Number of protein chains: 2
Amino acid sequence: MGQKGTETRLRLLDATQELVESGGYFNAGLNQVIAASGAPRGSLYFHFPDGKDQLVGESIRRAGQAIGAAFDDLGGSAPEFVEGVLRLLGDRLEESGWRKGCPVATVALEMAAASDPLQQACSEVYTSWEDALRARLAGRPDADDLAVTVLALIEGALLLAKAHRSREPLDRVTGALATLLR
Amino acid sequence: MGQKGTETRLRLLDATQELVESGGYFNAGLNQVIAASGAPRGSLYFHFPDGKDQLVGESIRRAGQAIGAAFDDLGGSAPEFVEGVLRLLGDRLEESGWRKGCPVATVALEMAAASDPLQQACSEVYTSWEDALRARLAGRPDADDLAVTVLALIEGALLLAKAHRSREPLDRVTGALATLLR
DNA sequence: CCGAAAAAGTAGACCGATCTATATAATGTG
DNA sequence: CACATTATATAGATCGGTCTACTTTTTCGG
(Lines give C-alpha, C1' and ligand atoms only; values in the text may rest on other atoms or scores of the structure.)
Protein backbone atom coordinates (compact mmCIF):
# COMPACT_ATOMS: atom_id res chain seq x y z
CA MET A 1 0.00 0.00 0.00
CA GLY A 2 1.46 3.31 -1.09
CA GLN A 3 1.76 6.42 0.95
CA LYS A 4 -1.29 8.12 -0.54
CA GLY A 5 -3.45 5.11 -0.02
CA THR A 6 -2.44 4.80 3.60
CA GLU A 7 -3.28 8.44 4.20
CA THR A 8 -6.73 8.11 2.68
CA ARG A 9 -7.36 5.04 4.77
CA LEU A 10 -6.39 6.90 7.93
CA ARG A 11 -8.50 9.92 7.03
CA LEU A 12 -11.49 7.62 6.57
CA LEU A 13 -10.86 6.00 9.94
CA ASP A 14 -10.43 9.35 11.67
CA ALA A 15 -13.61 10.77 10.21
CA THR A 16 -15.53 7.63 11.17
CA GLN A 17 -14.15 7.67 14.68
CA GLU A 18 -15.13 11.29 15.15
CA LEU A 19 -18.68 10.73 13.95
CA VAL A 20 -19.13 7.44 15.78
CA GLU A 21 -17.92 8.90 19.03
CA SER A 22 -20.32 11.79 18.88
CA GLY A 23 -23.44 9.81 18.09
CA GLY A 24 -22.81 6.13 17.43
CA TYR A 25 -23.01 3.78 14.49
CA PHE A 26 -25.99 5.31 12.76
CA ASN A 27 -24.72 8.85 13.15
CA ALA A 28 -21.77 7.92 10.99
CA GLY A 29 -23.51 7.78 7.62
CA LEU A 30 -21.17 6.87 4.84
CA ASN A 31 -22.07 10.10 3.07
CA GLN A 32 -20.95 12.04 6.12
CA VAL A 33 -17.81 9.97 6.47
CA ILE A 34 -16.97 10.66 2.84
CA ALA A 35 -17.70 14.36 3.17
CA ALA A 36 -15.70 14.72 6.39
CA SER A 37 -12.71 12.76 5.17
CA GLY A 38 -12.63 14.21 1.67
CA ALA A 39 -12.24 10.72 0.27
CA PRO A 40 -14.52 9.57 -2.52
CA ARG A 41 -16.96 6.76 -2.19
CA GLY A 42 -14.93 4.44 -4.37
CA SER A 43 -11.91 4.70 -2.09
CA LEU A 44 -13.99 3.75 0.91
CA TYR A 45 -14.95 0.41 -0.57
CA PHE A 46 -11.45 -0.08 -1.90
CA HIS A 47 -9.91 0.24 1.54
CA PHE A 48 -12.81 -1.36 3.41
CA PRO A 49 -14.30 -3.95 1.04
CA ASP A 50 -16.59 -5.33 3.75
CA GLY A 51 -18.28 -1.96 4.04
CA LYS A 52 -19.48 -0.04 7.01
CA ASP A 53 -19.11 -2.73 9.63
CA GLN A 54 -15.44 -3.17 8.80
CA LEU A 55 -14.92 0.60 8.80
CA VAL A 56 -16.57 1.07 12.17
CA GLY A 57 -14.97 -2.01 13.65
CA GLU A 58 -11.47 -0.90 12.76
CA SER A 59 -12.21 2.61 13.88
CA ILE A 60 -13.23 1.62 17.38
CA ARG A 61 -10.30 -0.78 17.69
CA ARG A 62 -8.04 2.11 16.76
CA ALA A 63 -9.69 4.37 19.30
CA GLY A 64 -9.31 1.64 21.89
CA GLN A 65 -5.59 1.42 21.29
CA ALA A 66 -5.20 5.19 21.39
CA ILE A 67 -6.90 5.43 24.76
CA GLY A 68 -4.94 2.45 26.04
CA ALA A 69 -1.76 4.25 25.09
CA ALA A 70 -2.94 7.38 26.87
CA PHE A 71 -3.48 5.21 29.95
CA ASP A 72 0.13 4.12 29.82
CA ASP A 73 1.33 7.72 29.63
CA LEU A 74 -0.54 8.65 32.79
CA GLY A 75 1.50 7.97 35.91
CA GLY A 76 0.94 8.11 39.64
CA SER A 77 -0.44 5.72 42.20
CA ALA A 78 -3.66 3.90 41.44
CA PRO A 79 -5.99 6.55 42.95
CA GLU A 80 -4.05 9.40 41.38
CA PHE A 81 -4.08 7.61 38.06
CA VAL A 82 -7.82 7.08 38.05
CA GLU A 83 -8.48 10.66 39.07
CA GLY A 84 -6.25 11.76 36.23
CA VAL A 85 -8.25 9.65 33.80
CA LEU A 86 -11.52 11.12 35.00
CA ARG A 87 -10.20 14.66 34.73
CA LEU A 88 -8.87 13.98 31.24
CA LEU A 89 -12.14 12.47 30.05
CA GLY A 90 -14.12 15.31 31.59
CA ASP A 91 -12.00 17.90 29.81
CA ARG A 92 -12.40 16.09 26.53
CA LEU A 93 -16.15 15.79 26.93
CA GLU A 94 -16.73 19.38 27.93
CA GLU A 95 -14.37 20.88 25.34
CA SER A 96 -16.10 18.95 22.58
CA GLY A 97 -19.46 20.45 23.50
CA TRP A 98 -20.57 17.27 25.28
CA ARG A 99 -20.05 15.15 22.19
CA LYS A 100 -16.97 13.07 22.84
CA GLY A 101 -17.45 10.52 25.57
CA CYS A 102 -16.43 6.90 25.19
CA PRO A 103 -15.76 5.98 21.56
CA VAL A 104 -16.94 2.43 22.10
CA ALA A 105 -19.96 2.64 24.40
CA THR A 106 -22.54 3.87 21.90
CA VAL A 107 -21.68 1.25 19.30
CA ALA A 108 -21.63 -1.43 21.98
CA LEU A 109 -25.16 -0.57 23.09
CA GLU A 110 -26.46 -0.16 19.55
CA MET A 111 -24.88 -3.16 17.88
CA ALA A 112 -23.98 -5.76 20.51
CA ALA A 113 -27.24 -7.58 19.88
CA ALA A 114 -27.30 -7.10 16.12
CA SER A 115 -23.78 -7.65 14.83
CA ASP A 116 -21.42 -10.35 16.06
CA PRO A 117 -18.27 -8.80 14.57
CA LEU A 118 -18.98 -5.41 16.13
CA GLN A 119 -19.94 -6.95 19.45
CA GLN A 120 -16.64 -8.78 19.44
CA ALA A 121 -14.70 -5.64 18.58
CA CYS A 122 -16.31 -3.73 21.46
CA SER A 123 -15.81 -6.61 23.87
CA GLU A 124 -12.14 -6.88 22.99
CA VAL A 125 -11.51 -3.17 23.45
CA TYR A 126 -13.13 -3.26 26.86
CA THR A 127 -11.13 -6.33 27.79
CA SER A 128 -7.91 -4.57 26.84
CA TRP A 129 -8.82 -1.63 29.07
CA GLU A 130 -9.68 -3.98 31.91
CA ASP A 131 -6.29 -5.60 31.49
CA ALA A 132 -4.55 -2.24 31.59
CA LEU A 133 -6.40 -1.25 34.76
CA ARG A 134 -5.70 -4.60 36.36
CA ALA A 135 -2.00 -4.10 35.74
CA ARG A 136 -2.25 -0.77 37.54
CA LEU A 137 -3.89 -2.44 40.52
CA ALA A 138 -1.43 -5.32 40.68
CA GLY A 139 -0.78 -6.61 44.15
CA ARG A 140 -4.24 -5.99 45.48
CA PRO A 141 -6.09 -9.18 46.37
CA ASP A 142 -9.27 -7.99 44.65
CA ALA A 143 -7.56 -6.55 41.58
CA ASP A 144 -9.83 -8.47 39.17
CA ASP A 145 -13.05 -7.17 40.65
CA LEU A 146 -11.61 -3.73 41.12
CA ALA A 147 -10.47 -3.33 37.52
CA VAL A 148 -13.94 -4.09 36.19
CA THR A 149 -15.51 -1.87 38.84
CA VAL A 150 -13.31 1.10 38.03
CA LEU A 151 -14.02 0.73 34.32
CA ALA A 152 -17.76 0.45 34.94
CA LEU A 153 -17.63 3.52 37.14
CA ILE A 154 -15.79 5.52 34.50
CA GLU A 155 -18.12 4.41 31.71
CA GLY A 156 -21.21 5.07 33.79
CA ALA A 157 -20.01 8.50 34.88
CA LEU A 158 -19.19 9.41 31.29
CA LEU A 159 -22.64 8.33 30.20
CA LEU A 160 -24.34 10.39 32.90
CA ALA A 161 -22.11 13.39 32.17
CA LYS A 162 -23.04 13.28 28.50
CA ALA A 163 -26.72 12.81 29.29
CA HIS A 164 -26.77 15.73 31.74
CA ARG A 165 -24.28 17.80 29.74
CA SER A 166 -22.41 18.38 32.98
CA ARG A 167 -19.18 17.38 34.67
CA GLU A 168 -21.00 16.83 37.92
CA PRO A 169 -21.30 13.05 37.65
CA LEU A 170 -17.59 12.77 36.95
CA ASP A 171 -16.74 14.95 39.92
CA ARG A 172 -19.05 13.12 42.30
CA VAL A 173 -17.67 9.76 41.27
CA THR A 174 -14.11 10.89 41.88
CA GLY A 175 -14.68 10.97 45.61
CA ALA A 176 -16.14 7.49 45.69
CA LEU A 177 -13.14 6.18 43.80
CA ALA A 178 -10.87 7.46 46.52
CA THR A 179 -12.87 5.39 49.01
CA LEU A 180 -12.80 2.35 46.79
CA LEU A 181 -9.06 2.47 46.11
CA ARG A 182 -8.07 3.45 49.59
CA MET B 1 -59.70 9.92 23.47
CA GLY B 2 -61.69 6.73 23.32
CA GLN B 3 -60.69 3.36 24.64
CA LYS B 4 -59.50 2.06 21.31
CA GLY B 5 -57.37 5.12 20.71
CA THR B 6 -55.70 4.86 24.10
CA GLU B 7 -54.89 1.24 23.49
CA THR B 8 -53.32 1.97 20.14
CA ARG B 9 -51.26 4.72 21.71
CA LEU B 10 -49.97 2.36 24.39
CA ARG B 11 -49.20 -0.36 21.90
CA LEU B 12 -47.14 2.13 19.91
CA LEU B 13 -45.24 3.19 23.02
CA ASP B 14 -44.61 -0.40 24.08
CA ALA B 15 -43.31 -1.41 20.67
CA THR B 16 -41.07 1.65 20.55
CA GLN B 17 -39.70 0.98 24.01
CA GLU B 18 -38.91 -2.61 23.14
CA LEU B 19 -37.04 -1.67 19.97
CA VAL B 20 -35.27 1.32 21.49
CA GLU B 21 -34.06 -0.67 24.44
CA SER B 22 -32.57 -3.38 22.30
CA GLY B 23 -30.70 -1.11 19.91
CA GLY B 24 -31.35 2.58 20.41
CA TYR B 25 -33.05 5.36 18.51
CA PHE B 26 -32.14 4.27 15.02
CA ASN B 27 -33.02 0.66 15.64
CA ALA B 28 -36.61 1.74 16.18
CA GLY B 29 -37.57 2.47 12.60
CA LEU B 30 -41.13 3.67 12.33
CA ASN B 31 -41.88 0.85 9.94
CA GLN B 32 -40.75 -1.62 12.58
CA VAL B 33 -42.70 0.17 15.27
CA ILE B 34 -45.82 -0.01 13.14
CA ALA B 35 -45.27 -3.67 12.30
CA ALA B 36 -44.56 -4.64 15.90
CA SER B 37 -47.47 -2.70 17.34
CA GLY B 38 -49.98 -3.62 14.68
CA ALA B 39 -51.03 0.02 14.49
CA PRO B 40 -51.38 1.70 11.13
CA ARG B 41 -49.08 4.44 9.97
CA GLY B 42 -51.75 7.09 10.11
CA SER B 43 -52.44 6.38 13.76
CA LEU B 44 -48.83 6.98 14.65
CA TYR B 45 -48.92 10.57 13.48
CA PHE B 46 -52.36 11.04 14.91
CA HIS B 47 -51.23 10.07 18.40
CA PHE B 48 -47.73 11.55 18.10
CA PRO B 49 -48.07 14.57 15.81
CA ASP B 50 -44.48 15.64 16.47
CA GLY B 51 -43.23 12.40 15.01
CA LYS B 52 -40.48 10.08 16.06
CA ASP B 53 -38.81 12.31 18.64
CA GLN B 54 -42.05 12.65 20.56
CA LEU B 55 -42.68 8.92 20.32
CA VAL B 56 -39.20 8.01 21.56
CA GLY B 57 -39.20 10.73 24.20
CA GLU B 58 -42.46 9.58 25.72
CA SER B 59 -41.39 5.97 25.49
CA ILE B 60 -38.19 6.46 27.50
CA ARG B 61 -40.01 8.62 30.05
CA ARG B 62 -42.47 5.77 30.45
CA ALA B 63 -39.67 3.26 30.83
CA GLY B 64 -38.07 5.53 33.40
CA GLN B 65 -41.21 5.61 35.49
CA ALA B 66 -41.65 1.86 35.24
CA ILE B 67 -38.14 1.21 36.51
CA GLY B 68 -38.55 3.84 39.22
CA ALA B 69 -41.65 2.02 40.38
CA ALA B 70 -39.75 -1.27 40.39
CA PHE B 71 -37.17 0.42 42.61
CA ASP B 72 -39.85 1.31 45.09
CA ASP B 73 -41.07 -2.28 45.21
CA LEU B 74 -37.63 -3.56 46.12
CA GLY B 75 -37.03 -3.49 49.84
CA GLY B 76 -34.12 -4.13 52.16
CA SER B 77 -31.24 -2.09 53.47
CA ALA B 78 -29.23 0.00 51.02
CA PRO B 79 -26.68 -2.69 50.17
CA GLU B 80 -29.33 -5.37 49.90
CA PHE B 81 -31.43 -3.10 47.74
CA VAL B 82 -28.64 -2.37 45.28
CA GLU B 83 -27.68 -6.01 45.06
CA GLY B 84 -31.29 -6.80 44.32
CA VAL B 85 -31.33 -4.24 41.54
CA LEU B 86 -28.19 -5.69 39.98
CA ARG B 87 -29.56 -9.21 40.13
CA LEU B 88 -32.84 -8.09 38.60
CA LEU B 89 -31.13 -6.24 35.77
CA GLY B 90 -28.80 -9.14 35.15
CA ASP B 91 -31.71 -11.57 34.88
CA ARG B 92 -33.51 -9.26 32.50
CA LEU B 93 -30.45 -8.79 30.32
CA GLU B 94 -29.58 -12.46 30.10
CA GLU B 95 -33.13 -13.68 29.61
CA SER B 96 -33.61 -11.26 26.72
CA GLY B 97 -30.59 -12.67 24.91
CA TRP B 98 -28.39 -9.75 25.94
CA ARG B 99 -30.72 -7.23 24.36
CA LYS B 100 -32.44 -5.45 27.22
CA GLY B 101 -30.11 -3.30 29.25
CA CYS B 102 -30.90 0.26 30.22
CA PRO B 103 -33.78 1.67 28.16
CA VAL B 104 -32.33 5.17 28.32
CA ALA B 105 -28.58 4.79 27.92
CA THR B 106 -28.41 4.11 24.20
CA VAL B 107 -30.64 7.03 23.29
CA ALA B 108 -28.71 9.27 25.66
CA LEU B 109 -25.42 8.47 23.98
CA GLU B 110 -26.85 8.67 20.49
CA MET B 111 -28.96 11.79 20.78
CA ALA B 112 -27.70 13.92 23.67
CA ALA B 113 -25.61 16.00 21.31
CA ALA B 114 -28.13 16.11 18.46
CA SER B 115 -31.57 16.64 19.99
CA ASP B 116 -32.32 18.97 22.86
CA PRO B 117 -35.73 17.47 23.67
CA LEU B 118 -34.38 13.94 23.82
CA GLN B 119 -31.34 15.01 25.81
CA GLN B 120 -33.67 16.63 28.29
CA ALA B 121 -35.87 13.55 28.50
CA CYS B 122 -32.87 11.32 29.21
CA SER B 123 -31.44 13.75 31.72
CA GLU B 124 -34.73 13.93 33.60
CA VAL B 125 -35.10 10.18 33.78
CA TYR B 126 -31.61 9.84 35.19
CA THR B 127 -32.28 12.62 37.68
CA SER B 128 -35.39 10.84 38.88
CA TRP B 129 -33.41 7.65 39.43
CA GLU B 130 -30.72 9.58 41.27
CA ASP B 131 -33.41 11.05 43.50
CA ALA B 132 -34.83 7.62 44.21
CA LEU B 133 -31.40 6.26 45.11
CA ARG B 134 -30.64 9.29 47.27
CA ALA B 135 -33.81 8.66 49.23
CA ARG B 136 -32.62 5.12 49.84
CA LEU B 137 -29.31 6.43 51.18
CA ALA B 138 -30.87 9.10 53.36
CA GLY B 139 -28.94 9.80 56.51
CA ARG B 140 -25.51 9.20 55.07
CA PRO B 141 -23.38 12.31 54.95
CA ASP B 142 -22.26 11.60 51.39
CA ALA B 143 -25.66 10.53 50.08
CA ASP B 144 -25.48 12.93 47.12
CA ASP B 145 -22.17 11.60 45.84
CA LEU B 146 -23.12 8.05 46.63
CA ALA B 147 -26.40 8.15 44.73
CA VAL B 148 -24.69 9.30 41.53
CA THR B 149 -21.88 6.80 42.06
CA VAL B 150 -24.23 3.87 42.51
CA LEU B 151 -26.18 4.84 39.40
CA ALA B 152 -22.98 5.24 37.38
CA LEU B 153 -21.78 1.87 38.59
CA ILE B 154 -25.03 0.19 37.61
CA GLU B 155 -25.13 1.83 34.19
CA GLY B 156 -21.47 1.04 33.55
CA ALA B 157 -21.83 -2.57 34.62
CA LEU B 158 -24.91 -2.97 32.42
CA LEU B 159 -23.02 -1.53 29.48
CA LEU B 160 -20.07 -3.89 29.99
CA ALA B 161 -22.39 -6.84 30.50
CA LYS B 162 -24.17 -6.15 27.23
CA ALA B 163 -20.87 -5.57 25.42
CA HIS B 164 -19.37 -8.83 26.71
CA ARG B 165 -22.66 -10.71 26.61
CA SER B 166 -21.92 -11.89 30.12
CA ARG B 167 -23.11 -11.35 33.67
CA GLU B 168 -19.56 -11.21 34.89
CA PRO B 169 -19.28 -7.40 35.06
CA LEU B 170 -22.49 -7.23 37.09
CA ASP B 171 -21.24 -9.90 39.49
CA ARG B 172 -17.84 -8.31 39.95
CA VAL B 173 -19.35 -4.92 40.63
CA THR B 174 -21.65 -6.33 43.28
CA GLY B 175 -18.71 -6.94 45.59
CA ALA B 176 -17.38 -3.44 45.20
CA LEU B 177 -20.79 -2.03 46.04
CA ALA B 178 -20.73 -3.84 49.33
CA THR B 179 -17.46 -2.08 50.12
CA LEU B 180 -18.82 1.26 49.04
CA LEU B 181 -22.04 1.03 51.03
CA ARG B 182 -20.49 -0.54 54.09
C1' DC C 1 18.03 4.21 -17.11
C1' DC C 2 13.71 3.53 -20.01
C1' DG C 3 9.19 2.72 -21.08
C1' DA C 4 5.36 -0.34 -21.21
C1' DA C 5 2.38 -3.46 -18.55
C1' DA C 6 0.26 -4.15 -14.19
C1' DA C 7 -1.28 -2.91 -9.85
C1' DA C 8 -3.08 0.47 -6.66
C1' DG C 9 -6.04 3.96 -5.81
C1' DT C 10 -9.44 7.76 -7.02
C1' DA C 11 -13.69 9.49 -8.73
C1' DG C 12 -18.52 9.90 -8.88
C1' DA C 13 -22.76 8.37 -11.15
C1' DC C 14 -26.11 5.19 -10.03
C1' DC C 15 -29.09 1.39 -7.76
C1' DG C 16 -32.73 -0.49 -4.90
C1' DA C 17 -34.11 -0.27 -0.23
C1' DT C 18 -35.51 2.21 3.61
C1' DC C 19 -36.23 6.28 6.18
C1' DT C 20 -39.53 9.92 8.30
C1' DA C 21 -43.30 12.49 7.22
C1' DT C 22 -47.53 14.12 4.78
C1' DA C 23 -51.91 13.96 2.37
C1' DT C 24 -56.18 12.23 1.73
C1' DA C 25 -59.82 8.89 1.92
C1' DA C 26 -62.40 5.49 4.55
C1' DT C 27 -64.40 3.89 8.79
C1' DG C 28 -66.16 3.57 13.25
C1' DT C 29 -68.67 5.84 17.10
C1' DG C 30 -71.07 9.00 20.13
C1' DC D 1 -74.16 14.81 11.20
C1' DA D 2 -69.67 15.51 13.61
C1' DC D 3 -65.68 13.92 15.48
C1' DA D 4 -62.15 10.55 16.43
C1' DT D 5 -59.48 7.15 14.53
C1' DT D 6 -57.86 4.09 11.10
C1' DA D 7 -56.14 3.09 6.63
C1' DT D 8 -53.26 3.66 2.52
C1' DA D 9 -50.74 5.71 -0.90
C1' DT D 10 -46.97 8.32 -1.69
C1' DA D 11 -43.64 12.10 -1.32
C1' DG D 12 -38.86 13.25 -0.88
C1' DA D 13 -34.63 12.51 1.29
C1' DT D 14 -31.03 9.46 2.65
C1' DC D 15 -29.21 4.97 3.38
C1' DG D 16 -25.40 1.38 2.30
C1' DG D 17 -23.56 -0.64 -1.62
C1' DT D 18 -22.15 -1.55 -6.67
C1' DC D 19 -20.39 -0.31 -10.97
C1' DT D 20 -17.30 1.42 -14.54
C1' DA D 21 -14.01 4.79 -16.05
C1' DC D 22 -10.02 7.36 -14.92
C1' DT D 23 -5.42 8.58 -12.85
C1' DT D 24 -1.40 7.63 -10.31
C1' DT D 25 2.17 4.65 -8.64
C1' DT D 26 4.84 0.50 -8.80
C1' DT D 27 7.01 -3.24 -11.14
C1' DC D 28 10.07 -5.23 -14.29
C1' DG D 29 12.15 -6.77 -18.85
C1' DG D 30 15.32 -4.81 -22.12
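First things first, this report covers the structure right here in the doc. (Residues numbered from 1 in each chain as written. Chains lettered and ligands numbered in written order. Predicted model: local features only at pLDDT ≥ 70, side-chain atom pairs only at ≥ 80, totals over all residues. Heavy atoms only, no water.)

### Some details on the pattern of salt bridges
All names here are of chain A. On inspection of all chains with the given rule, the structure shows 26 salt bridges over all chains. Where Asp91 meets Arg167, a salt bridge forms, and the shortest distance between an N and an O atom there is 2.9 Å. Here Arg167 lies in the loop between helix H8 (143–164) and helix H9 (168–181) and Asp91 lies in helix H5 (residues 78–95), a separation of 76 residues in the sequence. Owing to a relative accessible area of 30%, Asp91 belongs among the partly exposed residues under this scheme. (Salt bridge = Lys/Arg side-chain N within 4 Å of Asp/Glu carboxyl O. Helix = DSSP H or I, 4+ residues; strand = E, 2+ residues; numbered from the N terminus. Buried < 20%, exposed > 50% of the residue type's maximum accessible area, 1.4 Å probe, protein only.)

### Let's talk about the nonpolar core
Residues Tyr126 and Trp129 of chain A together with Tyr126 and Trp129 of chain B are the most contacted members of the largest nonpolar core, which totals 124 residues. Once residues lying within four places of it in the same chain are set aside, the contact partners of Trp129 of chain A are Gly64, Ile67, Gly68, Phe71, Cys102, Val104, Leu151 and Glu155 of chain A. (Core = buried A, V, L, I, M, F, W, Y, C linked by side-chain atoms within 4.5 Å. Contact = heavy atoms within 4.5 Å.)

### Quick word on the packing of aromatic side chains
Enumeration according to the criterion identifies 8 aromatic pairs over all chains in this entry. Centroid distance Phe26 of chain A to Phe26 of chain B: 5.8 Å. Interplanar angle 35 degrees. Geometry classified as tilted. In this pair, Phe26 of chain A is assigned in the loop between helix H1 (3–23) and helix H2 (30–37) and Phe26 of chain B in the loop between helix H1 (3–23) and helix H2 (30–37), connecting two distinct chains. The partly exposed category is assigned to Phe26 of chain B, whose relative accessible area is 33%. Considering the side-chain rings of Tyr126 of chain B and Trp129 of chain B, the 5.7 Å spacing of their centres and the 80 degrees angle between planes classify their relative orientation as edge-to-face. Highlighted residues: Tyr126 of chain B and Trp129 of chain B, both in helix H7 (residues 116–136), separated by 3 residues, approximately one helical turn. (Phe/Tyr/Trp six-rings, centres within 6.5 Å; stacked < 30°, edge-to-face > 60°.)

### Thoughts on the relation of the copies chain A and chain B
Take chain A, turn it by 180 degrees, move it 0.0 Å along the axis, and it overlays chain B with an RMSD of 0.1 Å. Such a combination of rotation and displacement between the chain copies is what one expects of a two-fold axis. Among all C-alpha atoms of chain A, that of Gly156 of chain A lies closest to the rotation axis, at 2.0 Å. Interface overlap between copies: 100% of the residues of chain A at the interface are likewise at the interface in chain B, consistent with a symmetric, same-surface contact. (Least-squares fit on C-alpha atoms with pLDDT ≥ 70 in both.)

### Let's talk about the side chain of Glu155 of chain B
With respect to the helices, strands and loops of the structure, Glu155 of chain B is situated in helix H8 (residues 143–164). Buried Glu155 of chain B, no salt bridge; nearest opposite-charge side chain is Arg92 of chain B, N-O distance 9.8 Å. Separated by 3.5 Å, the side chains of Glu155 of chain B and Tyr126 of chain B make a polar contact. Ignoring any residue separated from it by four or fewer positions in sequence, one finds Glu155 of chain B in contact with Gly156 and Leu159 of chain A together with Cys102, Ala105, Tyr126 and Trp129 of chain B. (Lys, Arg positive; Asp, Glu negative; His and termini not counted. Polar contact = N/O pair within 3.5 Å; in protein donor to acceptor, adjacent residues only side chain to side chain.)

### Some words on unusual backbone geometry
Residue and element names in this part refer to chain B. Phi angles above zero are rare outside glycine, and Trp98 is one such case at about 65 degrees. A residue is classified by how much of its surface remains accessible, and Trp98, at 17% relative accessible area, is buried. Despite not being glycine, Arg165 has its phi angle at roughly 55 degrees, a positive value. For Arg165, the location among the structural elements is in the loop between H8 and helix H9 (168–181).

### Observations regarding helix H5 (residues 78–95) of chain B
All names here are of chain B. Taking 1.5 Å per residue as the helical rise, H5 with its 18 residues ought to reach 26 Å, and the 26 Å between its terminal C-alpha atoms agrees with that figure. When H5 is considered as a whole, its buried residues turn out to be Ala78, Phe81, Val82, Gly84, Val85, Leu86, Leu89, Gly90 and Leu93. Residues of H5 that are buried make contact with helix H4 (52–73), H7, H8 and H9. In the segment just after H5, Gly97 is the residue with positive phi, at about 70 degrees. (Expected span 1.5 Å × (residues − 1).)

### Some points on the state of the cysteines
For the structure shown, the criterion picks out 0 disulfides over all chains. Free of any disulfide, Cys122 of chain A has its nearest neighbouring cysteine sulfur in Cys102 of chain A, separated by 8.6 Å. (Disulfide = S-S within 2.5 Å.)

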